[in-house]
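# Architecture and fold: a report
Given next are the chains, with one letter for each unit.
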Amino acid sequence: MAILEEPIKGIVEVKNYIDGEWAESKGEIQDVVNPVNGKIIAKVPISTKEEIDSAVEAAKAAFPDWRTTPPVARARCLFRLKELLEANFEELSRVQTQEHGKTIDESRGETRRGIENVEVACGIPTLMQGYNSEDIASGIDEYLIPTPLGVFGIIGPFNFPFMIPLWSAPYAVATGNCIVIKPSSEVPLSQMKIAELVDEAGFPPGVWNVVNGGRTVVNGILDHPDIEGITFVGSTPTARNVIYPRCGATGKRVIAQGGASNFMVIMPDCNLRATIPALMTSFFGNAGQRCLAGQNVIVVGDDDRFYKEFVNGVLDTAKKIIIGNGLDEEVQMGPVRDTEKKKKILGYINSGIKEGAKIILDGRSDFKIKGSYPDTCFLGPTIMETVKPEMKIVTEEIFGPTMGIIRVKTLDEAIKTCDDNPFHNADAIFTSNGRTAREFKYRVKSGNVGINVGIVAPMAFFPFSGMRDSFFGILHTQGKEAIRFFTESKVVIERWP
Amino acid sequence: MQLNTSASVISFAKQLEGDSAGFYEKMAERYPKAAELFLTFSKENKNYETMVQRAYYGVITDAIEGCFAFTVETDKYTFEKEPAKKLRDADALNQAIDMEQKLISFYTDAAEQSKAFMADVPRTFLIVARKRRNREDKLRALLKET
């Protein structure tokens, strides 16, 4: 199989998209580097406070007109955007691989998931309907009208540069709001490409804005009095200590999705043939840089024969993972995003060993890269045994291609291990027993629960859930909850004497 | 060669369809009596390729084990891209039947292995396998007439 052609040739100069125009920034310029080969593929501006202010101003100015645009007409813009996203599907996917490093299958999956959110938001004429009661008292009717609020900020992470802003953006604009997106400055190209298509789709100027940058832009969004609410996906410390309290202080509604340390509970009655590939994707897909990734497996029971069979199966499969350039269709795992992230992952592996974990597959050194690429951002899959729930490799988020193996005697103990962890984003069980599955689903305190599913990624028409240190807020992104988040309930009581 | 990722298997399917279409175009040149049938087969291959691609792009998401879904040994399914020179009509038809059997086997195996995907992918593979079985019947009928 061939290596697919790179869509980005040369160095792209990323600009901000404000008020329907591509605007140069006066801010400092940073390089965007392809993690596979270290080549600079773009220059991104770290925009100034004035630039974020001008985007908010444009969005605020566009709001009255957009808000009065009928939902069916707003939906037509989204339908056009959906068509354009489909038409450019392959290019958009390859751009993700180039800027992030993920495999082409993963990028195409991300593109599909992103588009699905646009599709759901296309149903806005129905989704946004209110409800009413006739004769709440004699001659008096009461009804609820979901109304848009104004301008929203959307702050995206580096691990899903295309999809994650689309968990919010289509719903925000479909409901009649205007938005300012701040992509991760490490991977700004996907949102730039989407903005080009937004422009082509005919959204009025100011409805959809993109401002690139770092802290200044985030602070500008957080503190701006004309921003009604924020959706954020990133690390737990930022979600908990910055985004959530600052939104509280400035009276903004907020969805702040943080990190995770997810468990995959393995029952001895599981179907190993189906379980192992699911675990490979869960732990090593997207090079482990996914808030739904498995971080530790919990093997239940004291059946040593099953345990050995399980560990050997996982080990054999993980050893064969083809690592390399994500544009090579045979590659199963790409690099991590950058050297800083690699260093952090290595630190966690070392800390696990120091705390007593036994390394049985060493992704620090025991791997081969397909093709001639520097190992700067590459890691192999790492598997550690004798992991204990109190170790840092369990209590903190690693965000890399590592798997810890914990052994417990009972399902109760497994559920307790899940529940004692500070994060509660996604936990899954692998079993062939319906009763066990129900017990797990019923009791585990996790936002997204999987049964024989390794990546518990809710479809666009379900909320992307999360609990405790993985989520700060009430409503979630995607689907009906996003519609609720981006609208205020106006209740009208009406009498005509 | 072993293929594991969805992307590589879909590209392999595309390659097989292309090779098979090329084979029938050559057959049409060499056996004008059945040229129409062979050219129809060649055109159908393009449709199959589209069906498979559409199913893949329609359901590929980060949750369907895209990089670990398959264990496809390509050697099992490869075939001669052209009818061998100086073959008699019957031998060339047998070569075509052999090619169809390999393709049926590929799509059936791929359907089995992609059961973890949303239903669209294995269903599409099975539809293509079924259509190719019909094609095999037509080739056998032609062989009888030869």
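For the structure itself, consult the block above.
Notes on the structure follow.

About the cut-offs
Residues numbered from 1 in each chain as written. Chains lettered and ligands numbered in written order. Predicted model: local features only at pLDDT ≥ 70, side-chain atom pairs only at ≥ 80, totals over all residues. Contact = placed C-beta atoms within 7 Å. Helix = DSSP H or I, 4+ residues; strand = E, 2+ residues; numbered from the N terminus. Nonpolar A, V, L, I, M, F, W, Y, C, P; charged D, E, K, R; others polar. Axes fitted to C-alpha atoms, helices over the stretch in contact; angles between N-to-C directions. Parallel < 35°, antiparallel > 145°, perpendicular 65-115°, else oblique. Pairing = 2+ DSSP bridges. Buried ≥ 20, exposed ≤ 12 C-beta atoms within 10 Å, placed from the backbone. Right-handed = clockwise from strand over helix to strand, strands pointing away.

Our next topic: the interface of chain B and chain A. Contacts between chain B and chain A engage 18 residues on the former and 22 residues on the latter. Here the side of chain B that touches chain A takes four residues from helix 1 (residues 6-30) of chain B, the largest share from any one element. When the residues that make up the side of chain B that touches chain A are grouped by side-chain class, the tally is nine nonpolar, seven polar and two charged.

Turning next to the packing of helix 1 of chain B against helix 2 (residues 35-59) of chain B. Residue and element names in this part refer to chain B. Viewed as axis vectors pointing N to C, helix 1 and helix 2 meet at an angle of 170 degrees, and their least axial separation amounts to 8 Å. Regarding the angle of helix 1 to helix 2, the classification is roughly antiparallel. On helix 2, the residues that touch S6, I10, A13, K14, E17, S20, A21, Y24, E25, M27 and A28 of helix 1 are A35, F38, L39, F41, S42, N45, K46, Y48, E49, V52, Q53 and Y56. Here the residues of the contact of helix 1 with helix 2 sort into 13 nonpolar, five polar and five charged.

This part covers the sheet that holds strand 5 (residues 40-46) of chain A. Residue and element names in this part refer to chain A. Read from one edge to the other, the open sheet built from three strands follows the order 1-5-4, with strand pairing classed as mixed. Among the strands making up the open sheet, the edge pair consists of strand 1 (12-13) and strand 4 (28-33). Sheet topology places strand 1 next to strand 5; two bridges connect them, and they run parallel. If you follow E13 over to strand 5, its bridge partner there is K43.

This next bit is on the pairing of strand 9 (residues 178-182) of chain A. All names here are of chain A. In terms of burial, strand 9 is largely enclosed, as five of its five residues are buried. Taking every second residue as pointing to the same face, both faces of strand 9 are buried, with C178, V180 and K182 on one and I179 and I181 on the other. Direction of pairing for strand 8 (residues 151-155) relative to strand 9: parallel, over a ladder of five bridges. Paired with I155 across the two strands is K182, which belongs to strand 9. Summarising the sheet, strand 9 and strand 10 (residues 208-210) pair through three bridges and their orientation is parallel. Following the sheet pairing, V180 is matched in strand 10 by N209. Crossover connection from strand 9 via helix 7 (residues 189-201) to parallel strand 10: handedness right-handed.

Take the sheet that holds strand 13 (residues 262-266) of chain A next. All names here are of chain A. Ordered in space as 16-18-19-14-13-21-22, the seven strands form an open sheet in which the pairing is mixed. Only two strands of the sheet have a single neighbouring strand rather than two, namely strand 16 (358-361) and strand 22 (448-451). The average angle at which neighbouring strand axes cross in this sheet is 25 degrees, direction not considered. As defined by bridge partners, strand 13 adjoins strand 21 (residues 426-430) across three bridges and the pair is classed as parallel. Within strand 21, the residue paired with M264 across the bridge is A428. Taken strand by strand, helix 15 (residues 434-443) contacts strand 13, strand 21 and strand 22, and its axis lies near 175 degrees from that of strand 22.

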